[in-house]
Amino acid sequence: PAPRSVPSVRAERAAVPRGERVAMSAASSAAPAGAGDTGETAAIVNVVKAIFGAGGFALPWAFAQGGTVLVTACLLSSYWFAIKALEMLVQSQETLIAAGKATQAEVQTYAGLTQKAIGPAGDVICRVLNVITCFGITVGYMIFVADTCISMLPAEQAATYTTAKMLTYNLPVWVSLAWQRSIAGVNLISLFGTTTVALSMVWVAISALRNPLQLAAIPLADVSQFSGFFGTVAFLFFIHFTLFSVQEGMPEKKYFLSAANKAFLISMAISLVFGLVGAVGYGRGVSSVVVTMLTGVAGLVVKGLLACNLWSTFPLMARSSLLICENVVSPKKEAPLPVSLAVRTGFVSLAAYLACNVPNFGAVLGLVGGVCCCAMSVFMPPIILYKSKELCGTPAAGKEKGMIGFVALTGFVCMILSVVL
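The model shown is predicted, which means the values in this text are computed figures rather than measured ones.

Trainee: Please provide a residue-by-residue account of the overall build of the protein chain, values included.
Mentor: The helix and strand inventory of the protein chain stands at 17 helices and 0 strands. Put simply, the protein chain has 421 residues, and 54% of those count as buried. Long-range contacts, defined here as pairs at least 24 residues apart, represent 85% of the contacts in the protein chain between residues at least 6 apart. Only carbon and sulfur atoms are counted for the fraction: they give 69% of the accessible area of the protein chain, which is about 17,200 Å².

Take a look at the structure:
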């Protein structure tokens, strides 16, 4: 095979998906399909796995904050916008390929598609959003693990710890994990992550149902909590930049949108049930890290497994942003080991500092999901489609142009509301 140029390697690295979904989607989508298999069933499973991670455990908190009716409506509308935006990304791919402006390989990643449609500015936007998103997720990871570790201690000892204090003790672990430059063991990490998340969600639901139901304590709607509940939903569903690997792994790519649609429907149903059960079972005071409210030996095991899951997936989640940061410091060649370790240490240390000053996990999801994920998955796709069609000499018009404007405007408004509310 022909050697790849330095820019192409950098673009490939920048396109690595974010979040704990990296391990899940990358490993599962790489599995070979059987003869005659369209890949739709595997794609459905992979997308569902990509959606659910640590952020799912903030759903009960989101329902308790925003209200049963309002958050349900948010889930329904997010599903519609997620599918519409994904359709726009696929249409952008097809438009550029049909016009001879790009090959399938060149638009098979989010970064590649953005660069082809918008130009060099698109590549810069993609990299900046990638770093900000991964950085925000790192902050969320740290808070999640710190709060979980505190809840595993005896009550008297736990009372002496704050999130910041536990983070200080955990910081050497995060730094050592950031120093990991290899992504070996992706398949094992994927299986471990999927299993722990599924078991934990089931046990949280069972534990919540054992409590006296507090439906009356949960509001129907509270718009003032928009950032919290919308950010949580957006963090789960606006993951379009991670789904290109799922599409790439399908023998019959024409079934991708159908598979994604079914997967989002299934995920929406699971989110609705889990969020409502957790909110009603634990009440208005439910933690944004709901697993911290589990008790007993089983609860201790679940917490320990989830903490280990986040620690094990962190090097994969942060990999793309760390490589981009290293590239900024050493643009012409791979960063020397001392430089690489310094960049990674600085990245984690700054994330830890911010985590010590953030009120809770839900607040982080509100900003990361409501701003970064919304930008990449709702605001950008219509712009990418508009620029793709313009580049190919078939500019959008009529209803199509109106839909492009509507989706982009909605994404922009939601980003603003996530900051000001």
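The structure having been displayed, the exposition proceeds.
Trainee: Could you give an account of the environment of Gly136, with specific residues and numbers?
Mentor: Looking at the element boundaries, Gly136 is found in helix α7 (residues 120-151). We classify Gly136 as buried; its relative accessible area is 10%. Distance from Gly136 to Gly369, taken between C-alpha atoms, is 9.2 Å for residues 233 residues apart in sequence.

Trainee: Describe the nonpolar core, naming the residues involved and giving the relevant values.
Mentor: Ranked by size, the top nonpolar core spans 123 residues in total, and within it Phe57 and Phe264 carry the most contacts. Top element by residues in this core is α7. It accounts for 14 residues. The contact partners of Phe264, leaving out residues within four places of it in the chain, are Val47, Ile51, Tyr79, Ala82, Ile83, Leu86, Phe237 and Leu243.

Trainee: Lay out the environment of His240 in plain terms, naming residues and giving numbers.
Mentor: In this structure, His240 sits in the loop between α11 (226-237) and α12 (244-248). With 137 residues separating them in the primary sequence, His240 and Ser377 have C-alpha atoms 5.5 Å apart. Excluding residues that lie within four positions of it along the chain, His240 makes contacts with Ala82, Ala85, Leu86, Leu89 and Ser377. A distance of 2.7 Å separates a polar atom in the side chain of His240 from the backbone oxygen of Ala82.

Trainee: Could you give me a rundown of the packing of α7 against helix α15 (residues 337-355), with the residues and numbers involved?
Mentor: At a minimum axis separation of 9 Å, α7 and α15 run at an interaxial angle of 60°. As far as their axial angle goes, α15 and α7 are oblique. For the pair α7 and α15, the crossing hand works out as right-handed. Where α7 approaches α15, its residues Cys134, Phe135, Thr138, Val139, Met142 and Ile143 are matched on the opposing element by Phe347, Val348, Leu350, Ala351, Ala352, Leu354 and Ala355. A class-by-class count of the residues in the contact of α7 with α15 yields 12 nonpolar, 1 polar and no charged.

Trainee: Residue-level account of the confidence of the model for the protein chain, with values.
Mentor: Looking at the protein chain, the pLDDT average stands at 87 and 90% of residues meet or exceed 70. Confidence over residues 1-33 falls short of pLDDT 50; this stretch has 76 contacts with residues more than four positions distant or in other chains.

Trainee: Just give me the short version of the pattern of salt bridges, but keep the residues and values in it.
Mentor: Pairing between side chains of opposite charge can happen when the charged atoms of each approach one another. A complete count under the given rule lists 9 salt bridges for this structure. Across the pair Arg284 and Asp222 runs a salt bridge whose closest N-O atoms are separated by 3.7 Å. Here Asp222 lies in the loop between α10 (186-209) and α11 and Arg284 lies in the loop between α13 (256-282) and α14 (296-329), a separation of 62 residues in the sequence. With its nearest N and O atoms 2.6 Å apart, the salt bridge here joins Arg344 to Glu326.

Trainee: Let's hear about empty space enclosed by the protein: which residues, and what values?
Mentor: Enumeration according to the criterion identifies 4 cavities of 30 Å³ or more in this entry. There is about 50 Å³ of room inside the second largest cavity. Along its surface, the second largest cavity is lined by Ala54, Gly55, Gly136, Ile137, Gly140, Tyr141, Phe235, Phe361, Val364, Leu365 and Val368. For the lining of the second largest cavity, the secondary-structure elements that each account for two or more residues are α7 and α16 (361-391). In terms of residue class, the lining of the second largest cavity is made up of 8 nonpolar, 3 polar and no charged.

Trainee: I'd like a description of the state of the cysteines, backed by residues and values.
Mentor: As enumerated under the stated definition, the model contains 0 disulfides in all. For the unlinked cysteine Cys134, the closest cysteine sulfur is that of Cys325, found at 9.3 Å. Left unpaired, Cys374 is separated from the closest cysteine sulfur, that of Cys414, by 5.1 Å. A relative accessible area of 1% means that Cys374 is categorised as buried.

Trainee: Can you break down helix α9 (residues 163-178) residue by residue, with the values?
Mentor: Count 3.6 residues to each turn of an α-helix, and residues three or four apart come out pointing the same way. Approximately 45° is the largest bend angle found in α9, and it occurs at Asn170, with the proline Pro172 only one to four residues beyond. Residues of α9 that are buried include every one of Met166, Leu167, Asn170, Trp174, Val175, Leu177 and Ala178, and no others. Packed against the buried residues of α9 are α7, α14 and α15.

Trainee: How would you sum up the environment of Asn327? Please name residues and give values.
Mentor: Looking at the element boundaries, Asn327 is found in helix α14. Linking Asn327 and Ser340, residues 13 residues apart in sequence, is a C-alpha distance of 9.5 Å.

Trainee: I'd love a proper account of α7, names of residues and values included.
Mentor: Over its 32 residues, α7 extends 47 Å from the first C-alpha to the last, a length consistent with the 46 Å expected when each residue adds 1.5 Å. With 25 of 32 residues buried, α7 lies mostly within the body of the structure.

Trainee: Which residues make up a nonpolar patch on the surface, and what values go with them?
Mentor: A cluster of nonpolar side chains, namely Val223, Leu367, Leu409, Phe412, Val413, Ile416, Val419, Val420 and Leu421, defines an oily patch on the protein surface of about 810 Å² accessible area. When residues of the nonpolar patch are assigned to their parent elements, the largest contribution, 6 residues, is made by helix α17 (residues 398-420). For Leu409, the position within the fold is in helix α17. Residue Leu409 is classed as exposed on the basis of its relative accessible area of 52%.

Trainee: Please set out the packing of aromatic side chains residue by residue, giving values where relevant.
Mentor: Applying the stated rule across the entire model yields 17 aromatic pairs. Taking 5.2 Å as the distance between ring centres and 75° as the angle between the ring planes, the aromatic pair formed by Phe144 and Phe361 counts as edge-to-face. Placement of the pair is Phe144 in helix α7 and Phe361 in helix α16, with a sequence separation of 217 residues. Each member of the pair Phe144 and Phe361 is classed as buried.

Conventions and cut-offs
Residues numbered from 1 in each chain as written. Predicted model: local features only at pLDDT ≥ 70, side-chain atom pairs only at ≥ 80, totals over all residues. Heavy atoms only, no water. Helix = DSSP H or I, 4+ residues; strand = E, 2+ residues; numbered from the N terminus. Buried < 20%, exposed > 50% of the residue type's maximum accessible area, 1.4 Å probe, protein only. Contact = heavy atoms within 4.5 Å. Areas by Shrake-Rupley, 256 points an atom, 1.4 Å probe, with all protein chains shown as cover. Core = buried A, V, L, I, M, F, W, Y, C linked by side-chain atoms within 4.5 Å. Polar contact = N/O pair within 3.5 Å; in protein donor to acceptor, adjacent residues only side chain to side chain. Axes fitted to C-alpha atoms, helices over the stretch in contact; angles between N-to-C directions. Parallel < 35°, antiparallel > 145°, perpendicular 65-115°, else oblique. Left-handed = near helix turned anticlockwise from the far one by under 90°. Nonpolar A, V, L, I, M, F, W, Y, C, P; charged D, E, K, R; others polar. pLDDT = per-residue confidence, 0-100. Salt bridge = Lys/Arg side-chain N within 4 Å of Asp/Glu carboxyl O. 1 Å grid on protein atoms, 1.4 Å probe; cavity = no way out; pocket = protein on both sides within 12 Å on 5 of 7 lines; lining within 4 Å. Points joined across faces, edges and corners; volume = space filled by probe spheres on them. Disulfide = S-S within 2.5 Å. Bend = angle between axes of the 7 residues up to and from the residue. Expected span 1.5 Å × (residues − 1). Patch = residues over 30% accessible without salt bridge, like charges linked within 9 Å, V, L, I, M, F, W, Y side chains within 5 Å. Phe/Tyr/Trp six-rings, centres within 6.5 Å; stacked < 30°, edge-to-face > 60°.

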